[in-house]
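Results of the structural survey
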Amino acid sequence: MKTLTTDVLVIGSGFGGSVVARRLQEEGHQVTLIEKGPRIDPYTDFQQTQDPKYLLKYIHNISSDHLGLTYAEALGGGSGFYEMASIRTPSAVFEQVDSENGNRLWPHGIDRTILDPYYDKAEEAVNATIVDWDRLPRSAAVFAQMLDRAGYTPTRIKHAERGCIGSGYCISGCIYGAKQSMLVTHLPAAEEAGAQILTDVDVRYIRLTHSLDHRYEAVCRDRVSQDLFRVRAKAVTLGAGVVGSAAILLRSRAHLPELSQHVGRNVTTNGMVQGLGLLPDDAPVIDMYAGRSHSGVICYDHMDSHGVTISSCNTLPLYMYSAARITHDRDGAKHWGQEHLQLVKKIQTHGLVLYSLGMMPGVGMIRINGRGEPVVESGNDDEYTHYHDRVSKLLRDVYRRMNCTPLRVERINAEGQLYSRTHISTTHMTGSCRMADSRDAGVCDKNGQVFRYDGLFVADASALPTSLAVNPSLTIMANAERIVPSILEYLS
Amino acid sequence: MKRRTLLKSAAVSIGGYALQACLPIKYVTGSVPKSFKTRTALAEETALRFAVTVIPSESILDPRHVDVLWDPFYGFDRYNPLFLDLLHTTSDDLFGCPFTQITHAQRERVMQSILDDGGIGADLVNGALVAIQCSFYAGITDADTGCPTIGFYGRSGVGQGEPSFVPDLRGPRAPIAQTHAN
C-alpha cells in the first residue's frame, strides 16, 4: 500500500476543512486535503439546470422516517451549492441547555462575543456584505414590506458574493464564480500556498501509528482506481461534515477505542420547517423563479417566543415539487389536474416561501451499516412532531397576519409518496461530533480536539453542539478560524 | 381475481418504499400485456394521456415529457408496465373502453378511482404523476426553455425577471435585542 506523509491531513473541503487547510498551509505546515467528491471548476463543471442527473452527481441524501440529511460530496463541499446567506448565530443559541440535566450544551467559554472576531475574519474572506435592494430578488422587497405591514421587523442579512447577477441557480452551482464558495476563496489560496488537494478519495478509517512524529494514519481508497493507500500525518482535522466526519470516526472506532460514545449522536436539523402561501391579490407580484434564491431578509421577532428565525427564499420548480405535495388548504383539493395547474401558475407570481430555522434539540443519530456506509436514525418521534407542528402553526399565523393564504404543504419522498410521519429534511445539520466540556457529553473539547486523541481535530458542522436558528455556514467558518490556533499550538 | 382488485386489497404501507412491493405483485397477477412491457406506441399514448390529465396543458403533449417514466435513472421504469396496464384495466372496468379512448373527464375519474382505492395502485399513480410534474415543471428535458407554462424560463430567463424595488418600510419597529441581529 502506497504511503504519503504530510504534516496535517485535512479530511473534507467544505466550510470548515477549507479554512483550516488554508490557514495551516499559510503558517508553513504541509497540508494534504482529501475530498471524497470530485474536483470542481465552477466555471466549467457547474450547470444551470434542474436535471437530477446533474444534481445527484454532487448532492446526496440519507433519510429515515423523520429525518432527511442532504449534503454535498464535491470539492468545496456544501459551499458550492448554498445560498450565500452569511449570518452570525444569535447569542441565545449559545445558552441552550441539555433538557435532561440542564447543562449548557456549548462548552463553557464559547459564546457569540468570543466568536465575533472570527466572524469578522470569516466575513472578510468571503466578502459577506449587505447588497443593495436592486440586486436582490423582487420577492425580497415584497417579503420585507409584508413583514413590516404586519408589525414585524425585517432585518437585512449579508450575502457572500462578488458580482452576483441573480441567475437564481444558486443551488445548482454558480457558473459565474460570483458565489464566494470555498472554490474561489480558501481552496485556491491553500493551493497557492502549497497545499496538496486530492479528490475522489474516500477516507475509510483513521488509526494510530507507532511513530511519535506522524501519529495518525488514514487508510484511504481512491474512488477511481479503487486502490488503497495511507496518509500519515502529525495531526488530522476532520472537515467531512456531519455525515462524513461521523462515518469516518465510527469506522475508526476499532482503532480508536477511546472515542466518545457521542460520535454519531445529537444530530440536529437546525429546526428547518418550510411553508408556502399566496400573497393577497393586491400585493406587488413577485417572480419566484428569478433572482438569487435567498431573499436577504430575516425576521428575529420569534426568537424569544419560539426560538426560531423566519426567512424567505425563491425556490426553483424541482426543489418545490419533488419535495412536497402542494395544494390549496381545503378538503378535496387535488395535487393534479386543472385546479392544481392554476395554483402552480399562481405560485410563480404570488407564492411566498417562508422557511424557519430554530433551536430544535439534536435527537438524530448517524450509524454505519454493514458496508460501513452512514445511515440516519430519527431518535425521539415526539420531538420532531411537537416541534414541527408548533412551528408550522407559527408560519401559518405569520402568513395570515400578512394577509397571505397558507397553502397545504405535505412532504413526499423520492418515490412521490407522502411520509406517514412528520419528516424534517435539512441541509443545515449539526452535532454528530459535538464539542463539549467533557467526553461524557461530547466528542471533542472546546478547541475541537477529540477527547483522548491529541492531534485529532474536528472543524466542521459536526462539532457545533446545537441547532443555530440561522444558516450555519458563517459559524462553521468562524469556528474553524477559532480552532486554527489550537492546531498550530499542537503542531508546535 | 381482477388485477385491480388485488392491488386494492394489497395492504402495503405508504412510507417511501411501497413501490418496491410491486415487484412480487407483477408475478402474482401474471405478466402484464406485451404492449406495455416496452415503449410501444400504445404505451406512449397512454402515458401522454395520463400526463395531460395530470397537467391539462397542450404543451405537455410532447413525448419527451414522459421519458421519465421509462428512464432507469429514476427507478419508475420497473413499475411502468404495471402502471400503464392499471390505467387501462381501470378504464375498462369503469367505462368499457381503453384509457386512450376515453374523455378527459373520464380519465380524471379513472385516476381518482385508483387514488381512492389506495394501496399499490395509488402509489403507482402518485409516483408517476410526481415524476411527470417534476420533469415538466423543472424543464428537465430543455434547460434552456424551462417551463413557460408555469412562468419558469430556464436558462433563457436568466436576467429577465421582474425588477426589484426598495420596499416602503414604515414601521413601527419592534425593538430587537442586540443579541439577535447581525
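Report on the accompanying structure.

Here is what the cut-offs are and how they apply
- Residues numbered from 1 in each chain as written.
- Chains lettered and ligands numbered in written order.
- Predicted model: local features only at pLDDT ≥ 70, side-chain atom pairs only at ≥ 80, totals over all residues.
- Heavy atoms only, no water.
- Helix = DSSP H or I, 4+ residues; strand = E, 2+ residues; numbered from the N terminus.
- Rg over C-alpha atoms; globule rule 2.2 N^0.38 Å.
- Buried < 20%, exposed > 50% of the residue type's maximum accessible area, 1.4 Å probe, protein only.
- Contact = heavy atoms within 4.5 Å.
- Areas by Shrake-Rupley, 256 points an atom, 1.4 Å probe, with all protein chains shown as cover.
- Expected span 1.5 Å × (residues − 1).
- Pairing = 2+ DSSP bridges.
- Buried area = accessible area lost by both parts, 1.4 Å probe.
- Salt bridge = Lys/Arg side-chain N within 4 Å of Asp/Glu carboxyl O.
- Polar contact = N/O pair within 3.5 Å; in protein donor to acceptor, adjacent residues only side chain to side chain.
- Nonpolar A, V, L, I, M, F, W, Y, C, P; charged D, E, K, R; others polar.
- Phe/Tyr/Trp six-rings, centres within 6.5 Å; stacked < 30°, edge-to-face > 60°.
- Axes fitted to C-alpha atoms, helices over the stretch in contact; angles between N-to-C directions.
- Parallel < 35°, antiparallel > 145°, perpendicular 65-115°, else oblique.

Okay, the overall build of chain A next. Helix and strand content of chain A: eleven helices and 23 strands. Radius of gyration (C-alpha) of chain A: 22 Å, near the 23 Å computed for a compact globule of 492 residues. Its C-alpha atoms give chain A principal-axis dimensions of roughly 70 × 50 × 45 Å. Within chain A, buried positions represent 65% of all 492 residues. If you take every contact in chain A between residues at least 6 apart in sequence, the share linking residues at least 24 apart comes to 74%. Accessible area for chain A stands at about 16,800 Å²; split by element, carbon and sulfur atoms hold 46% of it.

Attention shifts here to the overall build of chain B. In terms of helices and strands, chain B carries six helices and zero strands. Counting from the amino terminus, chain B carries its helices and strands in the arrangement α-α-α-α-α-α. Within the span of chain B, comprising 182 residues, buried residues form 49% of the whole. For chain B, contacts bridging at least 24 residues in sequence account for 57% of all contacts bridging at least 6. Total accessible area on chain B is roughly 8,200 Å²; 54% of this is exposed by carbon and sulfur atoms.

For Asn-270 of chain A, which is not glycine, the phi torsion reads 60 degrees and is therefore positive. Among the structural elements, Asn-270 of chain A can be located in the loop between helix H6 (241-252) and strand S13 (273-278).

Residue and element names in this part refer to chain B. An ideal rise of 1.5 Å per residue puts 20 Å on 14 residues; helix H5 (residues 104-117) measures up with 20 Å between its terminal C-alpha atoms. Among all positions in H5, only Arg-107, Val-110, Met-111, Ser-113, Ile-114 and Leu-115 are buried. After H5 finishes, the residue Gly-118 shows a positive phi value of roughly 75 degrees.

Note on strand geometry: in a regular strand, side chains alternate between the two faces of the sheet. Residues and elements named next belong to chain A. Residues Pro-374 and Val-376 point to one face of strand S19 (residues 374-377) and are all buried, whereas Val-375 and Glu-377, pointing to the other face, are not buried. Where strand S18 (residues 365-368) and S19 come together, four bridges link them in antiparallel fashion. If you follow Met-365 over to S19, its bridge partner there is Glu-377. Between S18 and S19, which pair antiparallel one after the other, the connecting turn spans five residues, and Gly-372 there sits at a positive phi close to 80 degrees.

Moving on to the interface of chain B and chain A. Accessible area lost when the parts come together is the quantity often used to give the size of an interface. Listed by partner, the interface residues are 57 residues for chain B and 67 residues for chain A. Here chain B packs against chain A, burying approximately 5,100 Å² in sum over the two surfaces, 59% of which is carbon and sulfur. Linking chain B with chain A are two salt bridges, by the criterion used here. Two residues, Arg-149 of chain A and Asp-168 of chain B, come together in a salt bridge whose shortest N-O distance is 3.5 Å. Along the contact surface separating chain B from chain A lie 14 residue pairs in polar contact (both at pLDDT 80 or more). Listing elements by their share of the side of chain B that touches chain A, those giving two or more residues are helix H3 (41-54), H5 and helix H6 (119-137) of chain B. No other element matches the eight residues that H6 of chain B contributes to the side of chain B that touches chain A. Across the side of chain B that touches chain A, the residue classes tally to 31 nonpolar, 18 polar and eight charged.

Our focus in this paragraph is the environment of Gly-194 of chain A. Tracing the sequence through the fold places Gly-194 of chain A in the loop between helix H5 (186-192) and strand S9 (196-198). C-alpha of Gly-194 of chain A to C-alpha of Glu-26 of chain A: the two residues are 168 residues apart in sequence and 8.2 Å apart in space.

Any aromatic ring pair is given by two values, namely how distant the centres are and how the planes are angled relative to each other. Summed over the entire model, instances satisfying the criterion amount to 13 aromatic pairs over all chains. Judged by centre distance (5.5 Å) and plane angle (70 degrees), the ring pair of Tyr-289 of chain A and Phe-152 of chain B falls under edge-to-face. With Tyr-289 of chain A in the loop between S13 and strand S14 (294-299) and Phe-152 of chain B in the segment after H6, this residue pair bridges two chains. Of the two residues, Tyr-289 of chain A and Phe-152 of chain B, neither departs from the other in class, the shared state being buried. On the numbers, 6.2 Å between centres and 70 degrees between planes, the contact of Phe-457 of chain A with Tyr-490 of chain A is edge-to-face. Linking Phe-457 of chain A in strand S23 (residues 456-458) with Tyr-490 of chain A in helix H11 (residues 473-491), this pair joins segments that are 33 residues apart in sequence. With relative accessibility at 29%, the residue Tyr-490 of chain A sits in the partly exposed group.

All right, on to the packing of helix H4 (residues 80-95) of chain B against H6 of chain B then. Residue and element names in this part refer to chain B. Interhelical geometry of H4 versus H6 gives an angle of 110 degrees and a closest axis separation of 10 Å. When the interaxial angle is binned, H4 and H6 end up roughly perpendicular. In this structure, H4 contributes Leu-82, Phe-83 and Leu-86 to the contact, and H6 contributes Gly-121, Leu-124, Val-125 and Ala-128. Here the residues of the contact of H4 with H6 sort into six nonpolar, one polar and no charged.

Residue and element names in this part refer to chain A. Of all the seven residues making up strand S11 (residues 216-222), five are buried; the element is thus mostly covered by neighbouring parts of the structure. Taken together, the seven bridges between strand S10 (residues 201-208) and S11 define a ladder with antiparallel strand orientation. Counted as the bridge partner of Arg-207 is Glu-217 from S11. In this sheet, strand S12 (residues 228-238) lies alongside S11 in antiparallel orientation, the contact comprising six bridges. Opposite Ala-218, over in S12, you have Val-231 as the bridge partner. Count of turn residues in the S11/S12 antiparallel hairpin: five residues, of which Gln-226 carries a positive phi of about 70 degrees.

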